[in-house]
Amino acid sequence: MNVTIFGATGATGKIAIKKALEKGYRVTAYVRNRSKMDIVDPRLRVIEGDLSNERAIEQALEKADAVLSFLGPKGKVTDNTLSDGVGNIVRLMEKQQVKRLVALGTRNIEVKEDGPDFRFWIMVNLLKIVARGTYQEVINMGLHIQQSTLDWTIVRIPWLTNKPATRKLNVGYFGENQSLTLSREDMAHFFIDQISDRHYIQKAPALSNI
C-alpha cells in the first residue's frame, strides 16, 4: 500500500506517517520545507514543494493508492492559498486516477446529517466574526473535495489535544453527543483506518473522543 500524505510536517501528519509505517505501508510525505521532516525510514519518500507546484504534486501522487490530507488553516487566513492547493490536489488525483482521499475538515463544513448543537454553533459563529477568511477557506476546501469524483471522506474535528490515544471515539455527526476535543493520535489512527474502510465514502463524519 502506497500512501501520500499532505500536511506531513504538522503534529498530526507526523503521527500519521509513523502509524502508516508501522502498518507496513510505503509513505510519500509532501512538505514545503524538507528540513522539518525528522522521520527517517527506507519506506518514506519526501517530496518538497508548495501547493501551487503541480509538477511536485504529481510526483508525490505517483503510484499512490490513497491520499491523506491534514491541511488546514492556522490563525487568520486572508487568501485562497490552501483551498486553491486542495483544488490542485483533487484535480491531479483525478488526472492520475488516484481515487481514495481522506481529508481534514471542521464544523464549518455542514452536511444534511448534522443536527443542532449549540456549543459548536457558538464556535462557528465566533469564527465568522473574528476570522471570516479562515471560516470561508475551510468551506472552500471542502467544496473542492465534495464536488470531485474521488472516493473522499472529510473527517470533521473539534479542538485537537496532544493526549495519548484512547481509541474511544464518537464517530457520527454534529448534534449526536460529539465532545469538544480529540486526541491527535486518535485522529491519526482513524485516518489510517479509513484508507481501507469504505463506510464513509463521500461522507463527512464528525469525530471526537468519548
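This one's a predicted model, so the numbers in the text were calculated from it and none came from an experiment. (Residues numbered from 1 in each chain as written. Predicted model: local features only at pLDDT ≥ 70, side-chain atom pairs only at ≥ 80, totals over all residues. Heavy atoms only, no water.)

> Could you give an account of the packing of helix 4 (residues 118-130) against helix 5 (residues 132-146), naming the residues involved and the relevant values?
Contact geometry of helix 4 with helix 5 gives a least axis separation of 5 Å together with a crossing angle of 120°. Between helix 4 and helix 5, the crossing angle belongs to the class labelled oblique. In contact with V124, L127, K128 and V130 of helix 4, helix 5 contributes R132, T134 and Y135. (Axes fitted to C-alpha atoms, helices over the stretch in contact; angles between N-to-C directions. Helix = DSSP H or I, 4+ residues; strand = E, 2+ residues; numbered from the N terminus. Parallel < 35°, antiparallel > 145°, perpendicular 65-115°, else oblique. Contact = heavy atoms within 4.5 Å.)

> Before we move on, can you summarise the pattern of salt bridges with the specific residues and values?
Taken as a whole and judged by the stated rule, the model has 12 salt bridges. Measuring nitrogen to oxygen at the nearest pair gives 4.0 Å for the salt bridge that ties E110 to R107. On the basis of relative accessibility, which here comes to 57%, the residue E110 falls in the exposed class. Look at R107 and you get buried, because its relative accessible area is 15%. By sharing partners, the salt bridges in this structure join R107, E110, D114 and R156 into a single network. (Salt bridge = Lys/Arg side-chain N within 4 Å of Asp/Glu carboxyl O. Buried < 20%, exposed > 50% of the residue type's maximum accessible area, 1.4 Å probe, protein only.)

> Could you give an account of a nonpolar patch on the surface, with specific residues and numbers?
On the surface, F118, W121 and I122 cluster together into a nonpolar patch covering about 360 Å² of accessible area. Structurally, F118 can be placed in helix 4. (Patch = residues over 30% accessible without salt bridge, like charges linked within 9 Å, V, L, I, M, F, W, Y side chains within 5 Å. Areas by Shrake-Rupley, 256 points an atom, 1.4 Å probe, with all protein chains shown as cover.)

> Now, about the side chain of N170: what can you tell me, with residues and values included?
Structurally, N170 is set in strand 8 (residues 169-172). A distance of 3.4 Å separates the side chain of N170 from the backbone oxygen of N177, its partner in a polar contact. Setting aside residues no more than four positions away along its own chain, N170 makes contact with N177, Q178, S179, A206, L207, S208, N209 and I210. (Polar contact = N/O pair within 3.5 Å; in protein donor to acceptor, adjacent residues only side chain to side chain.)

> Provide a residue-level description of the nonpolar core, including the pertinent values.
Grouped together as the largest cluster of nonpolar side chains are 61 residues, with contacts concentrated most on I5, I17, M37, L68 and L101. When residues of this core are assigned to their parent elements, the largest contribution, six residues, is made by helix 3 (residues 81-95). If we skip the residues at most four places from it in the chain, M37 touches A8, T9, I17, A29, V31, L44 and V46. (Core = buried A, V, L, I, M, F, W, Y, C linked by side-chain atoms within 4.5 Å.)

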